[in-house]
Amino acid sequence: MIRLQKVNKFFLKKKGAVHALKDVSLNIHKGQIFGIIGYSGSGKSTLIRTINLLERPTSGDIFVFEKNISMLSERELVPFRRKIGMIFQHFNLLSSKTVFENIAFPLRLTNTPKEVIAEKVNNLLDLIDLSEKKDEYPAALSGGQKQRVAIARALASDPEILLCDEATSALDPQTTKSILSLLKRINQQLGITIVIITHQMEVVRAICHEVAVISKGEIIEVKGVDDLFNQPSSPITAELLNPFLTVD
């Protein structure tokens, strides 16, 4: 489904080049919930943004749906990106539009017929349990409700992959639990492959099938979630897990 081969990414800064990703190779299988964890500045956000080429790699190859997307032009990327939804920590909702209009927004961009939009948006409102809020504006919603709307909007284009960039970091523990439950349901019912980056170990343990640990731009460990928690191979992984395991 998603395959990265020796991906490197450099950013040019005033003080010189920053090597953000270093020979990253990963395989993410169809139907997985795949976690990427690491400290702030480790490169995890850059990594997830290469999957839909929001960040183009400096070198290396990225295969999605068996196609080397590194070779796609900006024009060719437009239909490709419709197959990949993305949600963010800060929701990115349009404050001047209602819940219904926010979810419908990507469909209107592709000139989808009104009756198709209405049916699809109403189905998505049912999925996220917010049908009664469809005429509300984002300012009237809680953080968890805003994230549910953002998830529904990401699903409006029928993506096969959902990228989650610290999607629960701004939420309280109980709301985080409900959002993770929703993501798990989306994965199971719709068969959507989910890639989630986070520094929250409880998120990884709750829903991920497999996890990659990144440090200073390098993948240092990839394991099933149970193996990762029971037998971390690197000191950095053990350090990341330690606060969570201590509390638990």
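Structure shown above.
Worth saying up front: this structure is predicted, and the values here are computed from it rather than measured.

Enquirer: Talk me through the nonpolar core; I want residue IDs and the actual numbers.
Expert: Of all hydrophobic cores here, the largest spans 49 residues; its most connected members are Ile87, Ile103 and Leu183. Top contributing element to this core by residue count: helix H5 (residues 143–155), with six residues. Aside from chain neighbours lying at most four places away, what touches isoleucine 103 is Val121, Leu124, Leu125, Ile128, Val149, Ala152, Arg153 and Ala156. Core analysis: the next-biggest nonpolar cluster, separate from the first, contains 28 residues, Val24, Leu53, Val64 and Met86 among them.

Enquirer: Which residues make up the sheet that holds strand E9 (residues 210–215), and what values go with them?
Expert: The six strands are arranged E6-E7-E8-E3-E9-E10 in an open sheet whose pairing can be described as mixed. Each edge of the open sheet is held by one strand with a lone partner, namely strand E6 (84–88) and strand E10 (218–224). Within the sheet, the average angular offset between the axes of one strand and its neighbour, ignoring direction, is 15°. Across six bridges, E9 lies against E10 in antiparallel orientation. From the neighbouring strand, valine 213 faces E10, where its bridge partner is glutamate 221. Along the sheet face, H5 touches E6 and strand E7 (161–165) and points at about 165° away from the line of E6. Running over the sheet, helix H6 (residues 173–190) touches strand E3 (33–37), E6, E7 and strand E8 (193–198) and is turned about 155° from E8.

Rules behind the numbers
- Per chain, the residues get numbers from 1 upward, laid out in the order the sequence is written.
- In keeping with the model being predicted, local features are shown solely for residues with a pLDDT of at least 70 and side-chain atom pairs are shown and tallied solely at 80 or more, while totals for entire chains, interfaces and linings include all residues.
- Values reported for side chains reflect all heavy atoms of the structure, with hydrogen atoms and water molecules removed beforehand.
- Only buried Ala, Val, Leu, Ile, Met, Phe, Trp, Tyr and Cys residues count toward a nonpolar core, and they belong to the same one when joined by side-chain atoms within 4.5 Å.
- Any residue under 20% of the maximum accessible area for its type is buried, any over 50% is exposed, and the rest in between are partly exposed; the area is computed with a 1.4 Å probe on protein chains only.
- Working definition: helices are DSSP H or I runs of at least four residues, strands are E runs of at least two. Numbering for both runs from the N terminus.
- Two residues qualify as a contact provided that any one of their heavy atoms is within 4.5 Å of a heavy atom in the partner residue.
- A pair of strands is considered paired only if DSSP assigns at least 2 bridges between the two.
- Only the stretch in contact is used when fitting a helix axis, every axis being a line fitted to C-alpha atoms; angles between N-to-C directions are given from 0 to 180 degrees.

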